[in-house]
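Per-entry structural report
Residue-level listing of the chains:
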Amino acid sequence: MAVWVASLLLAPAAHLNVGYAGAAFVLGGLFFAYAWTLLRDPSPRRAMKLFGFSITYLTALFVAMGADAVIRVH
């Protein structure tokens, strides 16, 4: 939950637009869902799924930040 909140708080702190905030909201919700399923069923398979998604999550957030910066400049 803290990761989700931190990614959302970055939007106003870094002056990011609605596109980033929307991506952070959706991706954070998915991350929370994966973490919740791991909490309910702490198996190595679920842990690897969360780990795999965490890489996608960070990549997508950085792409959203970059896209926001490019759109803002042009």
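Bear in mind that the values here come from a model prediction, so they are computed numbers and not experimental data. (Residues numbered from 1 in each chain as written. Predicted model: local features only at pLDDT ≥ 70, side-chain atom pairs only at ≥ 80, totals over all residues. Heavy atoms only, no water.)

1. Structural notes on the packing of aromatic side chains
- Applying the stated criterion across every chain, the model contains seven aromatic pairs.
- Summarising the aromatic geometry, the rings of Trp4 and Phe25 are spaced 5.6 Å apart at their centres and angled 45 degrees between planes, so their arrangement reads as tilted. One end of the pair, Trp4, is in helix α1 (residues 2-13); the other, Phe25, is in helix α2 (residues 18-40), with 21 residues separating them in the sequence.
- Assessed through its relative accessible area of 18%, Trp4 is described here as buried.
- What links up through ring pairs into an aromatic cluster is the set Trp4, Phe25, Phe32 and Trp36. (Phe/Tyr/Trp six-rings, centres within 6.5 Å; stacked < 30°, edge-to-face > 60°. Helix = DSSP H or I, 4+ residues; strand = E, 2+ residues; numbered from the N terminus. Buried < 20%, exposed > 50% of the residue type's maximum accessible area, 1.4 Å probe, protein only.)

2. Quick word on the pattern of salt bridges
- Applying the stated criterion across every chain yields a total of two salt bridges.
- With a shortest N-O distance of 3.1 Å, Asp41 and Arg46 are connected by a salt bridge.
- Classification of Asp41 as partly exposed rests on a relative accessible area of 34%.
- The exposure class assigned to Arg46 is partly exposed, which follows from its relative accessible area of 29%. (Salt bridge = Lys/Arg side-chain N within 4 Å of Asp/Glu carboxyl O.)

3. Observations regarding the confidence of the model for the chain
- Averaged over the chain, the pLDDT score is 94; the fraction of residues at 70 or greater is 100%.
- Between the elements of the chain, mean pLDDT differs from a low of 92, seen in α1, to a high of 96, seen in α2. (pLDDT = per-residue confidence, 0-100.)

4. Concerning the nonpolar core
- The biggest cluster of nonpolar side chains holds eleven residues, and these are Ala11, Leu16, Tyr20, Ala24, Leu27, Phe31, Leu50, Phe53, Tyr57, Leu61 and Ala64.
- Those elements giving two or more residues to this core turn out to be α2 and α3 (44-73).
- Broken down by element, this core gets its largest block of residues, five residues, from α3. (Core = buried A, V, L, I, M, F, W, Y, C linked by side-chain atoms within 4.5 Å.)

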